[in-house]
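These are the residues of each chain, in order.
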Amino acid sequence: MRSVIRVIKKYRGPLLIMAILLGGLALAGCQTGRGAIPRGWSGGTIDNGILFIGSQTGELVAVDTEDSSLIFSAPLETEAPSSGIFSCVPASSAVAIYGSPSLGDNLVYIGGYNGKIYAFSRDEFRQEPRWIYPRQENIGGAIVGGTVFDQGKIYFGADNNKIYALDATDGFKEWEFETGNTVWSTPVIDGNTLYIGSFDKKLYALNTSDGSKRWDYETEGTIVSTPLVYENTVYFGSFDRHVYALNTADGNLRWKFASENWFWARPVAVNGAIYVAGLDGIVYVLDAATGSKRMEFNLGNPVASSPVLVDNMVIVATEAGVVYALDTTSGRQSQLADLKERVSAPLAASQGKVYVHSSTGVLYEIEVQTGALREINISK
Amino acid sequence: MAIGDIWDLIILNPMINVLITLSEYLADNFGMTIIVLTIIINIVMYPLTKKQLKASKAMQEIQSQVSEIRKKYAKDKQKASQEQMRLMKESGASYAGCLLPMLVQMPVWIVLYQSIIRVVAVAPEDFLNLSQRLYSAWPSVFSQVPLDRSFLWLDLAVSDTFLAVLVGASMWVQQKMTTPITSDPQQRTQGQMMQVMMPLMFAFISMSFPSGLALYWATSTVIRIIMQYYATGWGGLIPTKDGRAGTKEKEYKGRTIKEKKALTEDDTSADIVIEPSTARGEETDDGQSGDQREDSRGSRPGGTGPVRRQSGGSRSNRRKRG
């Protein structure tokens, strides 16, 4: 012990400098976005009174929407930390889940940031997944967007620039399509066409049967937002700060609308109007046919969370955690709740209730009519 | 408004936007952007860096004399302090000269470091954070993100072992050039420890951070090595044939410091003097270790270095006695 103290005393100068440097760097690493580990912000998917959602502790969780009770929780798996000792990564970290689950006939599907798709039984509530794609390792990139189930297939995009179609029953690959860059957008299926955006700045329309390209449209920015198909038009926002409306048949531009920041959230269509929320904190109400602005709601805080429609109200949550109800008939804006927690996850709605997944892992249930708030802790 | 917000508003956000805009003019190559911005910032700050390097060098050069002063006036702290100040004044060395330019530069390095690590966004959370830092008046920055993270063999968002080794190696060279060579055994040991520990530590950290940051450290260190060389020479990196540090000629306000080693153990009455420069090319022996001095006592060519003038003693006499 004495010798240790002697050494410390002897080298106190260099040791102090190194301690300051190490502390500063570790602190800087923790404070940056890069230093922080991806935590995920899965939204919920509701069917038959059960809400399925990915928790921030890496589980697929099922919640009974009648009494807000937790039905089951199954961990995807745990993975070794991917970053170094200075990036504030705990010794073991759960799989981050960004995409909302999709529901098949008997299975529920969910993608992980670890580059795997998991299929769980939606009735038996078993802890073990029915299948995992790929069987070995991962697809070579993170999965950030959600999965979509349609006619016996699962569709999703990934960080390895590819869009996949899997057999929903056994998880075997049906086809894949390679874009020019990362894919974080959640696909949308309309008829036998899949629409999805990519970091290569293009929106793709693919044939769902074989993955062949019908058309693509290039914008000037990355496309992360989930497209909306409404009345033969596909609507989406881009990092070039524009909202685009393309003809679903040939991908020709119908109109585009300029704003002040990126678009991350999926638009909502109501009565011939498109409600699209931007990271500039404004919800734009655009004429679906012409793109002209009917009105706007300035929420004063960025919106990354995709809004939902409940009755005649568009429900929007800002990054700061304030939830608003925008009346589509009167144009009135009212505050439903102030969660005081960061919200980036897409909203889910059922039977007059809205479900908001906050950054702290709490699922909030809000009655739209009364504003009654209930907390459901879905993270371990 | 919190200090962090002010920092972000007036320093960090402008740097992030400049970084992204610059990448547009460098063929969307973020690696090249990091290198170019590091060079630009170094050029802009060169006057300060030069001042700091000169002042540090001057401090190094008087280390042996300072040690002697401390030894000589061990019982009279005030006198030791006065003598030290006098020596520093005459040689052009000052603590402020070393520290002030460095303090001014620190925020610049910190902001560059922070902006690089933020622009190399990987997780979705990083992008949302970045979106609030972009200038709406600069339309291109919005379309520019995400930047292309590939550069040479690197993914700038992922750590790279080879680059980490480069960071460590370049830092070792710089440390070797700047570590003061002193006759004080404790200071010498500490210097040697820093020479090894600092590069090791940065190499280790580089293996944990995105390689974009390591690229900035490597570039920055190489630039500092070049500047160091032009300002003060190779220092302790390449010693001269007679064992002294490979320094460039040092002049302080038209004077050259000359040093001679004490001749005898009981030579306590010797004074440290700064002699006016008589000829260009006379070098001090700031880079010489205490052991080396012992070996070359009284036989050093040119008799350069601080002179411990002994009453009645002359250079030729000392040689004979040694």
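Residues numbered from 1 in each chain as written. Chains lettered and ligands numbered in written order. Predicted model: local features only at pLDDT ≥ 70, side-chain atom pairs only at ≥ 80, totals over all residues.

Caption draft 1: Region of the structure containing the overall build of chain A. Counting its regular elements, chain A contains two helices and 34 strands. For chain A, the proportion of its 380 residues judged to be buried stands at 50%. Here the contacts in chain A between residues at least 6 apart in sequence split such that 43% fall between residues at least 24 apart. (Helix = DSSP H or I, 4+ residues; strand = E, 2+ residues; numbered from the N terminus. Buried ≥ 20, exposed ≤ 12 C-beta atoms within 10 Å, placed from the backbone. Contact = placed C-beta atoms within 7 Å.)

Caption draft 2: Spotlight on the overall build of chain B. Helix and strand counts for chain B come out as 13 helices and six strands. Within chain B, buried positions represent 44% of all 322 residues. In chain B, the proportion of contacts linking residues at least 24 apart, taken out of those at least 6 apart, comes to 77%.

Caption draft 3: Fine view of the sheet that holds strand β31 (residues 348-350) of chain A. All names here are of chain A. Spatially, β31-β32-β33-β34 is the arrangement adopted by the four strands of the open sheet, whose pairing is antiparallel. Both edges of this open sheet fall to β31 and β34 (373-377), since each of them pairs with a single strand only. Strand-to-strand twist in this sheet, taken as the mean axis angle between neighbours without regard to direction, amounts to 25 degrees. When strand β32 (residues 353-357) meets strand β33 (residues 362-367), the two strands line up antiparallel, connected through five bridges. (Pairing = 2+ DSSP bridges. Axes fitted to C-alpha atoms, helices over the stretch in contact; angles between N-to-C directions.)

Caption draft 4: Quick peek at the nonpolar core. Membership of the largest hydrophobic core comes to 150 residues, with the highest contact counts inside it found for V283(A), I315(A), V316(A), V356(A), I116(B), V167(B) and A214(B). Discounting chain neighbours no more than four positions away, the residues touching V167(B) are F202(B), A203(B), S206(B), A214(B), W217(B), A218(B) and T221(B). Residues A55(B), M59(B), V66(B) and I69(B) belong to the second largest nonpolar core, which totals eight residues. (Core = buried A, V, L, I, M, F, W, Y, C linked by C-beta atoms within 7 Å.)

Caption draft 5: Region of interest: the confidence of the model for chain A. Scored by pLDDT, chain A has a mean of 89; 86% of the residues are at 70 or more. Taken together, the stretch residues 81-92 of chain A has pLDDT below 50 and engages in 27 contacts with residues farther than four places along the chain or on a different chain. (pLDDT = per-residue confidence, 0-100.)

Caption draft 6: A look at the packing of helix α3 (residues 46-61) of chain B against helix α11 (residues 211-232) of chain B. Residue and element names in this part refer to chain B. Interhelical geometry of α3 versus α11 gives an angle of 60 degrees and a closest axis separation of 10 Å. Judged by the angle between their axes, α3 and α11 are oblique. Regarding α3 and α11, the two cross each other, and that crossing is right-handed. For the pair α3 and α11, the contacting residues are Y46, T49, K50, L53, K54 and K57 in the first and M227, Q228, A231 and T232 in the second. (Parallel < 35°, antiparallel > 145°, perpendicular 65-115°, else oblique. Left-handed = near helix turned anticlockwise from the far one by under 90°.)

Caption draft 7: Structural view of the packing of helix α1 (residues 3-25) of chain B against helix α2 (residues 30-44) of chain B. All names here are of chain B. The N-to-C vectors of α1 and α2 enclose an angle of 115 degrees; their axes lie 9 Å apart at closest approach. For the pair α1 and α2, the sense of crossing is right-handed. Contacts between α1 and α2 pair L19, L22 and S23 from the former with F30, T33, V36 and L37 from the latter.

Caption draft 8: A look at the sheet that holds strand β14 (residues 173-178) of chain A. Residues and elements named next belong to chain A. Pairing is antiparallel in the open sheet, where four strands are placed in the order β11-β12-β13-β14. What marks the edges here is a single partner per strand, and that holds for β11 (148-150) and β14. Ignoring strand direction, the axes of neighbouring strands in this sheet form an average angle of 20 degrees. As defined by bridge partners, strand β12 (residues 153-157) adjoins strand β13 (residues 162-167) across five bridges and the pair is classed as antiparallel. Looking at β13, one finds that Y155 is bridged to A165.

Caption draft 9: Fine view of helix α7 (residues 124-131) of chain B. Across the eight residues of α7(B), seven count as buried, placing the element largely inside the fold. Where α7(B) is concerned, the buried positions are P124(B), E125(B), D126(B), F127(B), L128(B), L130(B) and S131(B).

Caption draft 10: How the structure looks around helix α9 (residues 161-178) of chain B. Here α9(B) spans 26 Å end to end across 18 residues, near enough to the 26 Å set by a 1.5 Å rise per residue. Within the span of α9(B), buried status applies to L163(B), A164(B), V167(B), G168(B), S170(B), M171(B), V173(B), Q174(B), Q175(B), M177(B) and T178(B). (Expected span 1.5 Å × (residues − 1).)

Caption draft 11: Molecular detail of the confidence of the model for chain B. All names here are of chain B. Taken residue by residue, chain B gives an average pLDDT of 72. The fraction at 70 or more is 68%. Segment residues 249-322: pLDDT under 50, and 117 contacts once partners within four positions in sequence are set aside and those in other chains are kept. Taken together, the chains of this predicted complex give a pTM of 0.77 and an interface ipTM of 0.85.

Caption draft 12: Examining the pairing of strand β29 (residues 322-327) of chain A more closely. Residues and elements named next belong to chain A. Two strands pair when backbone bridges link them, and strand β28 (residues 313-317) and β29 are joined in this way by five bridges, in the antiparallel orientation. Note on β29: the bridge partner recorded for A317 is V323. Counting the residues that bridge the hairpin from β28 to β29 gives four residues, and of these G321 lies at a positive phi of roughly 95 degrees. Here β29 pairs with strand β30 (residues 333-338) via five bridges, running antiparallel. Paired with Y324 across the two strands is Q335, which belongs to β30. The antiparallel hairpin formed by β29 and β30 contains five residues in its connecting segment, where G331 sits at a positive phi of about 75 degrees.

Caption draft 13: Just the environment of K75(B), in detail. All names here are of chain B. Here K75 lies in the loop between α4 (63-72) and α5 (77-91). Since 7 C-beta atoms lie within 10 Å of it, K75 is described here as exposed. When the C-alpha positions of K75 and W138 are compared, they lie 66 Å apart, and in sequence the two are 63 residues distant.

Caption draft 14: How the structure looks around the environment of A214(B). Checked against the element boundaries, A214(B) lands in helix α11. Along the sequence, A214(B) and L100(B) sit 114 residues apart, while their C-alpha atoms lie 26 Å from each other.

Caption draft 15: Main features of the pairing of β28(A). Residues and elements named next belong to chain A. Along β28, five of the five residues are buried, which leaves the element largely enclosed by surrounding structure. Neither face of β28 is left uncovered, since the one carrying M313, I315 and A317 and the one carrying V314 and V316 both have all their residues buried. For strand β27 (residues 308-310) and β28, the ladder comprises three bridges, and the chain directions are antiparallel. Following the sheet pairing, V310 is matched in β28 by M313. Counting the residues between successive antiparallel strands, the hairpin from β27 to β28 contains two residues, one of them, D311, with a positive phi of roughly 55 degrees.

Caption draft 16: Examining unusual backbone geometry more closely. The amide bond that connects Y133(A) to the next residue, P134(A), takes the cis arrangement and shows omega of -10 degrees. Within the secondary structure, P134(A) sits in the loop between β10 (131-133) and β11. In this structure, the amide linkage connecting V145(B) to the following residue, P146(B), adopts the cis form with an omega of 0 degrees. Even without being glycine, E231(A) reaches a positive phi, approximately 50 degrees. When you line up the elements, E231(A) lands in the loop between β19 (228-230) and β20 (233-237). Judged by the 10 C-beta atoms lying within 10 Å of it, E231(A) falls in the exposed class.

Caption draft 17: Summary view of the environment of T233(A). Residue and element names in this part refer to chain A. Tracing the backbone shows T233 in strand β20. Take T233: there are 19 C-beta atoms within 10 Å of it, and that puts it in the partly exposed class. A C-alpha to C-alpha distance of 29 Å links T233 and K353, two positions 120 residues apart in sequence. Those residues in contact with T233 that lie beyond four places of it in its chain are A245, L246, N247, T248, R254 and A288.

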